[in-house]
Amino acid sequence: HPAVRLLTLIGPGGIGKSRLAIESAANLAPHYRDGVRYVPLATVDDPNLAAAAIARVTGAGLSPERSVGDDQSAFLQDKHLLLLLDDFDQVIAAAPLIAELLAAAPFVACLVTSREPLHIPGEQEFPVPPLTLPDHHNLPPIADLLNFSAIALFVQRAQAVRPDFILTGDSAPAVIDVCRGLDGLPLAIELAAARV
């Protein structure tokens, strides 16, 4: 929605926040005149470096007489773009910087991935759910199991390493147990399926 300028995708590691954010940003790119800027923060462990990481990606120049945040705000004030801030939980103490940027740049929106909310004004939170799993008390027929995203992902990744892998009456219970044991977490399912 155009009125949402800060959306935070929240969930534990491996739930698929980054993948969802990247796909969403790609779909939203045509709506932003200046495009999308992807800011990876997984390797930034100091909140004081968050502004510099954003500046590197946006191309904002840094002047010695102003703060990085001020330079960033001035540079972005007339831009119409989407900032994708990935793994913001690494620098969560820098959340006030995002509030400042959004206040100074009325046409900038932020899509954030984090394990926790930023707790700043205007933030909309979206808890990313795990992949869907069948009810273990009422299992559907084998043909319908691929309608569950956890099972479909497992089969897809298993077939990448073993093209002859198929979901059968014999393999389905084990696949369901593995996906259930991994709580429907996409990254964990991918890693498990690669060892099929």
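**Description of helix H2 (residues 50–58)**
Step number 1: Buried residues of H2: Ala-50, Ala-51, Ala-53, Ile-54, Ala-55 and Thr-58, and no others.
Step number 2: Positioned one or two residues after H2, Gly-59 has a phi angle of 85°, which is positive.

**A closer look at the pairing of strand E4 (residues 109–114)**
Step number 1: The buried fraction of E4 is high, at six of six residues.
Step number 2: Judged from the five bridges that link them, strand E1 (residues 6–10) and E4 form a sheet pairing that is parallel. Among the inter-strand pairings, Leu-6 is bridged to a residue of E4, identified as Cys-110.
Step number 3: Bridging between strand E3 (residues 82–86) and E4 involves four bridges; their strand directions are parallel.

**Here's the deal with the environment of Val-108**
Step number 1: Secondary-structure assignment places Val-108 in the loop between helix H4 (95–104) and E4.
Step number 2: The spacing of Val-108 and Phe-88 is 20 residues in sequence and 17 Å in space, taken between C-alpha atoms.

**Let's talk about the packing of H2 against H4**
Step number 1: Interhelical geometry of H2 versus H4 gives an angle of 45° and a closest axis separation of 10 Å. Looking at the two axes, H2 sits oblique to H4. Contacts between H2 and H4 pair Ala-50, Ala-51 and Ile-54 from the former with Leu-97, Ile-98 and Leu-101 from the latter.
Step number 2: In the contact of H2 with H4, the residues fall into six nonpolar, no polar and no charged.

**Points about the nonpolar core**
Step number 1: Counting residues in hydrophobic clusters, the biggest one holds 26 residues, and the most contacted among them are Leu-83, Leu-85, Phe-88 and Ile-98.
Step number 2: Within the residue set of this core, elements represented by two or more residues are H2, E3, H4 and E4.
Step number 3: Of all the elements, H4 adds the most residues to this core, at five residues.
Step number 4: When near neighbours in sequence (up to four residues on either side) are disregarded, Phe-88 contacts Leu-41, Ala-94, Ala-95, Ile-98, Val-112, Thr-113, Ser-114 and Leu-118.
Step number 5: Counting residues in each nonpolar core, the second largest holds 15 residues, with Ala-150, Leu-153, Phe-165 and Leu-167 among its members.

Definitions and limits used
- Residues numbered from 1 in each chain as written.
- Predicted model: local features only at pLDDT ≥ 70, side-chain atom pairs only at ≥ 80, totals over all residues.
- Heavy atoms only, no water.
- Buried < 20%, exposed > 50% of the residue type's maximum accessible area, 1.4 Å probe, protein only.
- Helix = DSSP H or I, 4+ residues; strand = E, 2+ residues; numbered from the N terminus.
- Pairing = 2+ DSSP bridges.
- Axes fitted to C-alpha atoms, helices over the stretch in contact; angles between N-to-C directions.
- Parallel < 35°, antiparallel > 145°, perpendicular 65-115°, else oblique.
- Contact = heavy atoms within 4.5 Å.
- Nonpolar A, V, L, I, M, F, W, Y, C, P; charged D, E, K, R; others polar.
- Core = buried A, V, L, I, M, F, W, Y, C linked by side-chain atoms within 4.5 Å.

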